[in-house]
Amino acid sequence: ILMGIALAAAVCASADMKIGTVNMVDLVRLHPNHESNKALVKSTDKDYKAKLDRQQESAKAIADEGKKVQADLMNPMLSASAKTEAQKKLEDVQRRFLAAQQELRSSAQHFQGELTDLETRLLKLETEDIRAKINAYAKDNGYDLIADSTMLAFASEKLDVTAATLKAMTVDPAKRHAQQADAAK
């Protein structure tokens, strides 16, 4: 809203100002690195899930060991010393199981943070590249202002320079129209 007010004030202040808009969502989605970045995030997520699965299997093995020791404890034929030994073993198994569960939770939080950080870094690289292309286009074509149309309540289609920005990114603007058509289905 503030951007729209600033834009309106700028237009009123200078009628000869050259203004354009771009659809940043489309530019990010069609960025040349976007699909490979998504694949990297997906692959990293898959690797993290595999590590968590291994930790979970380890915790399950400890739990199964605990069930066996607990079943042994129920044996009425155990001597007092064997029962004491089995009780100590059960306590050790319980400690190891709790430690494995705590490690699993910690790893899950760590991996989620790492994945979020990776996504953020990749998106930042894409948007920095897009902004550089927009700045170069604006400078080369005499624009005073190019705003993100997704942040505006209204912008005339004739102001849209998204297709020109896509060309500067070496992306065929027809891809944008194909994606929009697919999204409409």
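Scroll up a little and you will see the structure.
Note that this is a predicted model, so its numbers are computed, not measured.

Student: So, the overall build of the protein chain: which residues are in play, and what are the values?
Tutor: Across its full length, the protein chain holds 6 helices and 2 strands. Its helices and strands taken in sequence order, the protein chain reads α-β-α-α-α-β-α-α from the N to the C terminus. Across its three principal directions, the C-alpha atoms of the protein chain cover 100 × 35 × 30 Å. Counting across all 185 residues of the protein chain, residues that qualify as buried make up 29%. Put simply, 82% of the contacts in the protein chain that link residues at least 6 apart link residues at least 24 apart. Here the protein chain has roughly 12600 Å² of accessible surface; of this, 56% comes from carbon and sulfur atoms. With 27 positive and 27 negative side-chain charges, the protein chain shows a separation of 4 Å between the mean positions of the two kinds.

Student: Give a detailed account of the pairing of strand 1 (residues 19–22), specifying residues and quantitative values.
Tutor: Residues of strand 1 alternate between two faces, with Ile19 and Thr21 on one and Gly20 and Val22 on the opposite face, all of them buried. The pairing of strand 1 with strand 2 (residues 145–148) spans 4 bridges and is parallel. Residue pairing across strands places Ile19 opposite Leu145, the latter belonging to strand 2.

Student: Could you give an account of the pattern of salt bridges, with specific residues and numbers?
Tutor: Considering all chains together, one arrives at 10 salt bridges under this definition. Between Asp45 and Lys49 there is a salt bridge, and its shortest N-O distance comes to 3.3 Å. Of this pair, Asp45 and Lys49 both sit in helix 3 (residues 34–73), separated by 4 residues, roughly a single helical turn. As a salt-bridge pair, Glu128 and Lys124 come within 3.8 Å of each other at their nearest N and O atoms. Within this pair, Glu128 and its partner Lys124 are both found in helix 4 (residues 80–140), separated by 4 residues, close to a single helical turn. Its relative accessible area of 52% is what places Lys124 among the exposed residues. One continuous salt-bridge network, built from bridges that share partners, spans Glu65, Asp92 and Arg96.

Student: Give me the lowdown on the layout of surface pockets, citing residues and values where you can.
Tutor: Of the volumes computed, that of the second largest pocket is approximately 170 Å³. Taken together, 10 residues line the second largest pocket, and the ones lying closest to its centre are Arg131, Ile134, Ile146, Ala147 and Asp148. Breaking the lining of the second largest pocket down by element, the ones donating at least two residues are helix 4 and strand 2. If you tally residues by element for the lining of the second largest pocket, the top one is helix 4, at 4 residues. A breakdown of the residues in the lining of the second largest pocket according to their chemical character gives 7 nonpolar, 1 polar and 2 charged.

Student: Now, about the nonpolar core: what can you tell me, with residues and values included?
Tutor: Counting 15 residues, the largest nonpolar core has Val22, Leu27, Ile130, Ile134 and Ile146 as the members making the most contacts within it. Going through the elements one at a time, helix 2 (24–29) and helix 4 are the ones with two or more residues in this core. Top contributing element to this core by residue count: helix 4, with 4 residues. Setting aside chain neighbours within four positions, we find Val22 in contact with Leu27, Ile134, Ile146, Ala147, Asp148, Ser149, Thr150, Asp160, Val161, Thr162 and Thr165. Listed in part, the 8 residues of the second largest apolar core include Val41, Leu104, Leu118 and Leu122.

Student: Could you give an account of the side chain of Gln55, with specific residues and numbers?
Tutor: Topologically, Gln55 is positioned in helix 3. For Gln55, a relative accessible area of 19% gives the class buried. A polar side-chain atom of Gln55 sits 3.2 Å from a polar atom in the side chain of Glu103. In this structure Gln55 touches Glu103, Leu104 and Ser107, once residues within four positions along its chain are discounted.

Student: For helix 4, give the residues involved together with the corresponding values.
Tutor: With 61 residues, helix 4 ought to run about 90 Å at 1.5 Å a step, and its terminal C-alpha atoms sit 90 Å apart, in line with that. Taken from the residues just after helix 4, Gly142 is the one with a positive phi, measuring 70°.

Cut-off values and rules
- Residues numbered from 1 in each chain as written.
- Predicted model: local features only at pLDDT ≥ 70, side-chain atom pairs only at ≥ 80, totals over all residues.
- Heavy atoms only, no water.
- Helix = DSSP H or I, 4+ residues; strand = E, 2+ residues; numbered from the N terminus.
- Buried < 20%, exposed > 50% of the residue type's maximum accessible area, 1.4 Å probe, protein only.
- Contact = heavy atoms within 4.5 Å.
- Areas by Shrake-Rupley, 256 points an atom, 1.4 Å probe, with all protein chains shown as cover.
- Lys, Arg positive; Asp, Glu negative; His and termini not counted.
- Charge placed at Lys NZ, Arg CZ, Asp CG, Glu CD.
- Pairing = 2+ DSSP bridges.
- Salt bridge = Lys/Arg side-chain N within 4 Å of Asp/Glu carboxyl O.
- 1 Å grid on protein atoms, 1.4 Å probe; cavity = no way out; pocket = protein on both sides within 12 Å on 5 of 7 lines; lining within 4 Å.
- Points joined across faces, edges and corners; volume = space filled by probe spheres on them.
- Nonpolar A, V, L, I, M, F, W, Y, C, P; charged D, E, K, R; others polar.
- Core = buried A, V, L, I, M, F, W, Y, C linked by side-chain atoms within 4.5 Å.
- Polar contact = N/O pair within 3.5 Å; in protein donor to acceptor, adjacent residues only side chain to side chain.
- Expected span 1.5 Å × (residues − 1).

It is worth stressing that arrangement in space is one thing and function is another; only the former is reported here.
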